[in-house]
Amino acid sequence: MIRANWMRCGGGRWALGELRHLPVSGEYIHREAFDVAARYGKDVFVAIERFGTDRLPLFFALKNRLDRLGAALRWLPGHFSDRMIQAVSRLLPQHLPPRMCEWRDHFEHHLILKVADEGIEETRALLASLFPSAAGDLFECTPLEAQKAFLYRFAVAGAARRYRAIHGAEVGEIIALDVALRRNDRDWREQLPPTSAPASTRRFITGISSATFLIRITR
């Protein structure tokens, strides 16, 4: 049996230090990455949820055909397929569970923790002793919420590329930084040099287990 928890907290050191059965996975999402994925990753989320990953090659093939059509018809805007898909996705209904959207409004940092089998009760008891507190809060996902939460995390990377395609006239290239954190790191928030920060327009911070991924789109 597997359970997923959506929480706001400052880090997962307690999981490594106090649990006998470690979580299956931990996925971090920053609020800004949450917002961009909600808008620019919606089509990927819905496509996988409705049709599964087996159909993705077909969808990418159709997208490539639209790109070739856009290249042949010079009067169509650049990144024609991305613009068309993005326009269609705006017509789709809300795809995220209400509790996820509500917690986005309350907290900046989000951690999705997946635990299984013997670790479920142990983790549940530890989390109950830690939250709610001034440091954060959590809720245990229903099976549907858990499925949507991890699918949503998957859509973040594609959302960054979509944002770049749609706003190509305003931004430059994507700079992807992989940051490996030690298990005892307390200062885990990214800090770019002052000379680099002003050139960034958006940042997409996500993480898996002990790694944090910072994607900034530069002008």
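Refer to the structure presented above.
Nothing here was measured: the structure is a model prediction, and the numbers come from that model.

(A) Up close: the overall build of the protein. Secondary structure summary: the protein contains eight helices and seven strands in total. Relative to its 219 residues, the protein shows a buried fraction of 42%. Across the protein, contacts joining residues at least 24 apart in sequence account for 79% of those joining residues at least 6 apart.

(B) Expanded view of helix α4 (residues 56–72). Here α4 is 17 residues long and its end C-alpha atoms lie 24 Å apart, about the 24 Å a rise of 1.5 Å per residue gives. When α4 is considered as a whole, its buried residues turn out to be Leu56, Lys63 and Gly70. All buried residues of α4 lie within an arc of 35° about the axis, which places them on one face of the element. Opposite the packed face of α4, turned more than 90 degrees from it, sit the exposed residues Pro57, Arg65, Arg68 and Ala72. For α4, the secondary structure elements touched by its buried residues are α3 (42–51) and α5 (80–89).

(C) View of the environment of Glu27. Turning to its location among the elements, Glu27 is positioned in strand β2 (residues 25–30). Residue Glu27 is classed as buried on the basis of its relative accessible area, which comes to 14%. Separated by 127 residues in the primary sequence, Glu27 and Phe154 have C-alpha atoms spaced 9.8 Å apart.

(D) Structural context of the pattern of salt bridges. Under the counting rule described, the total for this entry stands at 11 salt bridges. One salt bridge in this structure joins Asp35 and Arg104, with 2.6 Å as the shortest N-O distance. Linking Asp35 in helix α2 (residues 31–40) with Arg104 in helix α6 (residues 98–106), this pair joins segments that are 69 residues apart in sequence. Asp35 gets classed as partly exposed once you look at its relative accessible area, which sits at 28%. Residue class for Arg104 comes out partly exposed when judged on its relative accessible area of 21%. For the salt bridge of Arg162 with Asp82, the shortest nitrogen-to-oxygen distance reads 2.9 Å.

Scoring rules and cut-offs
- Residues numbered from 1 in each chain as written.
- Predicted model: local features only at pLDDT ≥ 70, side-chain atom pairs only at ≥ 80, totals over all residues.
- Heavy atoms only, no water.
- Helix = DSSP H or I, 4+ residues; strand = E, 2+ residues; numbered from the N terminus.
- Buried < 20%, exposed > 50% of the residue type's maximum accessible area, 1.4 Å probe, protein only.
- Contact = heavy atoms within 4.5 Å.
- Expected span 1.5 Å × (residues − 1).
- Arc of directions from axis to C-beta.
- Salt bridge = Lys/Arg side-chain N within 4 Å of Asp/Glu carboxyl O.

Without other data, these values stay purely geometric and don't point to any function.
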